[in-house]
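# A structural walkthrough
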Amino acid sequence: MPLEAFLYGGISAVFAELVSFPFDTSKVRLQVQGQVTDASLTDVKYRGSIHTLRVLAVEEGLKAPFNGVRFAAFRQATYGTLRFGMFFSGKSWWKSKGGSDKDLHFLVALGTSAGVVSSVITTPIDRMKVLSQSTAQTKKRTIFKTLSSIYRKGGLNGLYQGKFANAKRAAVVNGVEIPCYVFFKDFLTETVKLSDDFSTQFICALFTSAVGIAFSQPFDVAKTRIMQQKRHRTDIRVYKGFFDMMKLTIQNEGVHALWKGAHPAWIRNAPWNVVFYMSLEAFRKWDMYLNNREEAAF
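Scope of this entry: the structure provided in the associated data block.

Rules behind the numbers
- Residues numbered from 1 in each chain as written.
- Predicted model: local features only at pLDDT ≥ 70, side-chain atom pairs only at ≥ 80, totals over all residues.
- Heavy atoms only, no water.
- Helix = DSSP H or I, 4+ residues; strand = E, 2+ residues; numbered from the N terminus.
- Rg over C-alpha atoms; globule rule 2.2 N^0.38 Å.
- Buried < 20%, exposed > 50% of the residue type's maximum accessible area, 1.4 Å probe, protein only.
- Salt bridge = Lys/Arg side-chain N within 4 Å of Asp/Glu carboxyl O.
- Patch = residues over 30% accessible without salt bridge, like charges linked within 9 Å, V, L, I, M, F, W, Y side chains within 5 Å.
- Areas by Shrake-Rupley, 256 points an atom, 1.4 Å probe, with all protein chains shown as cover.
- Lys, Arg positive; Asp, Glu negative; His and termini not counted.
- Charge placed at Lys NZ, Arg CZ, Asp CG, Glu CD.
- Axes fitted to C-alpha atoms, helices over the stretch in contact; angles between N-to-C directions.
- Parallel < 35°, antiparallel > 145°, perpendicular 65-115°, else oblique.
- Nonpolar A, V, L, I, M, F, W, Y, C, P; charged D, E, K, R; others polar.
- 1 Å grid on protein atoms, 1.4 Å probe; cavity = no way out; pocket = protein on both sides within 12 Å on 5 of 7 lines; lining within 4 Å.
- Points joined across faces, edges and corners; volume = space filled by probe spheres on them.
- Phe/Tyr/Trp six-rings, centres within 6.5 Å; stacked < 30°, edge-to-face > 60°.
- Lys NZ or Arg CZ within 6 Å of the ring centre and 35° of its normal.

## Description of the overall build of the protein
Within the protein, the regular secondary structure consists of ten helices and zero strands. Written out in order from the N terminus, the α and β elements of the protein read α-α-α-α-α-α-α-α-α-α. Taken over C-alpha atoms, the radius of gyration comes to 19 Å for the protein, in line with the 19 Å a tight globule of 298 residues would show. Seen through its C-alpha atoms, the protein measures out along the principal axes to roughly 60 × 35 × 35 Å. The burial tally for the protein puts 55% of its 298 residues in the buried class.

See below:
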């Protein structure tokens, strides 16, 4: 198992998260507004990604778009490390056993599996991030204090609230985005005969972002809304699960509500994928040079 895939995948994911984080906060705020289940979130206050960031800066301070950035970095250091490490290690292992690492069905199954496992393990970290981003923060808390607070109010169920919605989202994101990048890059370099250089990787990352958002946004909205709810409160209608959230959202806000925040999601996802894959490709070349290899270990 090439440990380089875990190391370089994790570092690249953290770097990409830090670069694009304010737009992730914008996306979360747009996703949670308009819910009839919580009176404090019923009003539709934000209109687009830039307007959201401007309102946050004016009403909550210039640091507001970065609320939860420490949790986001911690999440990518764990979730990102696991999902990319598992995918590229599995891809290398399959190839070493004589299997085709260009088999789209295999790549989708591998990406889906890596996403589900890594997301379930890191759900508590993801929930800390969502809670920090979704509402105004009056004081900063350390990762340990935030975990303790969530556990005190909801126990293990509180820490893992939204785990199934999170797993569904991760299955779609990782089952679509990672195989899409690998498959599309192979197509451009081997069939179209483009060079495996910056411009080709850039195009593949942008294409991957658009495809990923189109498929995963409803699952991302569901995950965010379920994780954002504070179930110890008695004045809100608690979602019973993924399908209950979908049903209520469609009934009260329309089908289009499932794609709330799609624009800032893409604005965030496009640079995220560009930075991630460009970093990962650079690490692959560095690994080849460092270890005098003719091809990367992952």
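That shown, we press on.
## A closer look at the pattern of salt bridges
When charged atoms on two side chains of opposite charge get close, those side chains can pair. Summed over the entire model, instances satisfying the criterion amount to 24 salt bridges. For the salt bridge of Lys-129 with Asp-24, the shortest nitrogen-to-oxygen distance reads 2.7 Å. Placement of the pair is Lys-129 in helix H5 (residues 123–134) and Asp-24 in helix H1 (residues 3–32), with a sequence separation of 105 residues. Of the two residues, Lys-129 and Asp-24, neither departs from the other in class, the shared state being buried. Ionic pairing is found between Arg-29 and Glu-60, a salt bridge with its closest N-O pair at 3.0 Å. In this pair, Arg-29 sits in helix H1 while Glu-60 sits in helix H2 (residues 49–60), placing the two residues 31 residues apart along the sequence. Taking the relative accessible area as the measure of exposure, Arg-29 reaches 3% and is therefore buried. Overall, the relative accessible area of 28% leaves Glu-60 in the partly exposed class. Here the salt bridges do not stand alone but share partners, grouping Glu-17, Asp-24, Lys-27, Arg-75, Asp-126, Lys-129, Arg-169, Asp-220, Lys-223 and Arg-268 into one network.

## Re a positive patch on the surface
On the surface, Lys-139, Arg-141, Lys-145, Arg-152, Lys-153 and Lys-230 cluster together into a patch of positive charge. As for its position among the elements, Lys-230 is in the loop between helix H8 (198–228) and helix H9 (242–253).

## Re the packing of helix H7 (residues 163–191) against H8
Relative to each other, H7 and H8 sit at 170 degrees, their axes nearing to 8 Å. One element, H7, and the other, H8, form an angle in the roughly antiparallel class. The class makeup of the residues in the contact of H7 with H8 is 18 nonpolar, seven polar and six charged.

## Quick look at the layout of surface pockets
Computed from the structure, the largest pocket encloses a volume of approximately 910 Å³. Of all the secondary structure elements, the ones that give two or more residues to the lining of the largest pocket are helix H3 (69–96), H5 and helix H6 (143–159). In terms of residue count, the dominant contributor to the lining of the largest pocket is H6 (seven residues). The class makeup of the residues in the lining of the largest pocket is eight nonpolar, 13 polar and ten charged.

## Details of the packing of aromatic side chains
All chains considered together, the criterion is met by 14 aromatic pairs. Aromatic pair Phe-87 and Phe-88: ring centres 5.1 Å apart, planes at 90 degrees, arrangement edge-to-face. Phe-88 gets classed as buried once you look at its relative accessible area, which sits at 6%. Among the aromatic residues, those joined into a cluster by ring pairs are Phe-84, Tyr-181, Trp-272, Phe-276 and Tyr-277. A cation over a ring is seen here: Lys-168 above Phe-242, with NZ or CZ 5.1 Å from the ring centre.

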